[in-house]
Amino acid sequence: MPAPLQLSDLLIAPAERFDLVIDFAGTHGKSFTLLNDAPAPFPGGGEVDLPEIMQFRVTKPLSGRDSSSLPRHLKPITLLPAAAAVRERFIMLSEADRDSDGFPIIGELGGSPLDATLSNPTGGARWDDPVTEAPEAGTVEIWNLVNTTTDGHPIHLHLVQFQVLERRTFDLSHFMKTGKVLFKHEPPIPPEANERPAFKDTIKAFPGLDADGNVTGLVTRVIARFDLPNSGAVTPGKKYRYVFHCHILEHEDNEMMRPYDVVG
């Protein structure tokens, strides 16, 4: 981020990383417990909660006067303009096969609800299905993460750091019937203050839910330049294999992980 951000509450998904600075000045002898009040799975809940994370005991004496302070500026961020994207991709987040408690066992990334060529008849793509995302090296793309589930999924792209553009509601019924995303005429949901301007490699793809908990659909839009590491020579036509996946352990181990190729 370009500057420090003061927060009293922070929503962190698995695999997200934040640098936190906590000021314990004037609290000698006191203890503080870092608490988690997020339901699991997020946001619906129903499984095991993990309320207490870590306790800080302010007991160690300073060896000298603390003269530290937060910098006013960090790393400048150059935003990628949406107009620079050569392609937009729509990647479905879906779930199937539930256990006896009603929680999903299988999660999937990509595919279309009408694509009968995939291994799952509902259209969701699994790990062994053919690669469908193959950006060209050095190009900018927008990836639309189309969440059709009740869960929030931390989606992690290997290789690249991306920027969050926005989140948008869409017509879920139309998508399931046609495989096409039709955005609703509602204002886009801007990124959180800690999401933009910033570079990320994991993003929370939230679900769209109404007041009764019914799925309404939400798209999380990110933009990335697919540069290969170390600025090395790129062989034209060569495919460089990477993966992207949900970082919830039960999901990534049960098909919610897909290969993608960067093409020279």
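Treat the numbers as computed from the prediction; the structure is a model and nothing was measured. (Residues numbered from 1 in each chain as written. Predicted model: local features only at pLDDT ≥ 70, side-chain atom pairs only at ≥ 80, totals over all residues. Heavy atoms only, no water.)

Visitor: What is the right way to look at the pairing of strand β9 (residues 218-225) in this model?
Guide: When a strand is regular, its side chains alternate between the sheet's two faces. A large share of β9 lies buried, amounting to seven of its eight residues. Across eight bridges, the pairing between strand β5 (residues 140-147) and β9 is antiparallel. Bridged to Asn 144 within β9 is Arg 221. Two elements, strand β7 (residues 162-169) and β9, share seven bridges in a ladder whose sense is antiparallel. When the bridges of β9 are listed, Phe 162 appears paired with Ala 224. (Buried < 20%, exposed > 50% of the residue type's maximum accessible area, 1.4 Å probe, protein only. Helix = DSSP H or I, 4+ residues; strand = E, 2+ residues; numbered from the N terminus. Pairing = 2+ DSSP bridges.)

Visitor: I keep staring at the packing of aromatic side chains and nothing clicks. Help me out?
Guide: Geometry of an aromatic ring pair is reported as the spacing of the ring centres plus the angle between the planes. Across all of its chains, the model carries 10 aromatic pairs by this definition. An angle of 50° between the planes, with centres 6.3 Å apart, marks the rings of Phe 42 and Phe 206 as tilted. Here the residue Phe 42 occupies a position in the loop between β1 (31-35) and β2 (52-57), and Phe 206 occupies one in the loop between β8 (202-205) and β9, the gap between them amounting to 164 residues. Its relative accessible area of 28% is what places Phe 42 among the partly exposed residues. With relative accessibility at 17%, the residue Phe 206 sits in the buried group. Through a chain of ring-to-ring contacts, the aromatic side chains of Trp 143, Phe 226, Tyr 242, Phe 244 and Tyr 260 assemble into a single cluster. Positioned above the aromatic ring of Phe 183, the side-chain terminus of Arg 168 is 4.1 Å from the ring centre. (Phe/Tyr/Trp six-rings, centres within 6.5 Å; stacked < 30°, edge-to-face > 60°. Lys NZ or Arg CZ within 6 Å of the ring centre and 35° of its normal.)

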